[in-house]
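Coordinate inspection notes
One-letter residues, chain by chain:
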Amino acid sequence: MDALKSVFELRDMLFQMERDIGLDRLSPAERDVLLAAHALTSAPGAAVQSDQIRSHRLVQGIAQATYHRTLKSLLGMGLLERAGGSRAKHYVVRFDPSAQ
């Protein structure tokens, strides 16, 4: 099997998985920020700092203004929430794929 075909098959499988849990409704920036935040949490409900998310390799290529708009968007959708209700720059992932 050639390398390009393998890449296609992996991307196609990833696309299907994202669609199955509802990630396909997010913009690429929203999806990457949410996935980075989730990857950086130690346990469900654990907080992650904005600076940690911002430095994750999935997010590094996103412009600063886009990153902040994306955080605001994810907060508005309820996929992220401020940790402890008000701790600035600390977020908790609230994405539940079983609810999608």
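Everything below is about the structure printed above this text.
None of these values were measured; they are calculated from a predicted model.

Parameters and conventions
- Residues numbered from 1 in each chain as written.
- Predicted model: local features only at pLDDT ≥ 70, side-chain atom pairs only at ≥ 80, totals over all residues.
- Heavy atoms only, no water.
- Phe/Tyr/Trp six-rings, centres within 6.5 Å; stacked < 30°, edge-to-face > 60°.
- Lys NZ or Arg CZ within 6 Å of the ring centre and 35° of its normal.
- Salt bridge = Lys/Arg side-chain N within 4 Å of Asp/Glu carboxyl O.
- Helix = DSSP H or I, 4+ residues; strand = E, 2+ residues; numbered from the N terminus.
- Buried < 20%, exposed > 50% of the residue type's maximum accessible area, 1.4 Å probe, protein only.
- Expected span 1.5 Å × (residues − 1).
- Arc of directions from axis to C-beta.
- Contact = heavy atoms within 4.5 Å.

Quick word on the packing of aromatic side chains
The full count for this structure, using the stated rule, is zero aromatic pairs. If you follow Arg54 out to its NZ or CZ, it ends over the ring of Tyr67, 5.0 Å from the centre.

Regarding the pattern of salt bridges
Counting across every chain of the model gives two salt bridges. Of the charged contacts, one joins Glu18 and Arg31 as a salt bridge, the two residues approaching to 3.7 Å between their closest N and O atoms. Linking Glu18 in helix α1 (residues 3–21) with Arg31 in helix α2 (residues 28–40), this pair joins segments that are 13 residues apart in sequence. Of the residues examined, Glu18 reaches a relative accessible area of 13% and is grouped as buried. A salt bridge links Arg94 to Glu81; its shortest N-O distance comes to 3.1 Å. With a gap of 13 residues between them, Arg94 in the segment after β3 (90–93) and Glu81 in strand β2 (residues 80–82) connect regions that are remote in the sequence. Here Arg94 falls in the partly exposed class, since its relative accessible area comes to 39%. Exposure remark for Glu81: the relative accessible area of 34% places this residue in the partly exposed category.

What to know about helix α4 (residues 64–77)
Since one α-helical turn is 3.6 residues long, residues separated by three or four positions face the same way. When the terminal C-alpha atoms of α4 are compared, their 20 Å separation across 14 residues agrees well with the 20 Å that a helix rising 1.5 Å per residue should span. Regarding α4, the residues found buried are Tyr67, Thr70, Leu71 and Leu74. Looking straight down α4, one finds that the buried residues subtend no more than 100° of arc, so they occupy a single side. Turned more than 90 degrees off the buried face of α4, the exposed positions are Arg69, Lys72 and Gly76. Along its buried surface, α4 packs onto α2, α3 (50–55), β2 and β3. One or two residues past the end of α4 sits Gly78, with phi positive at roughly 80°.

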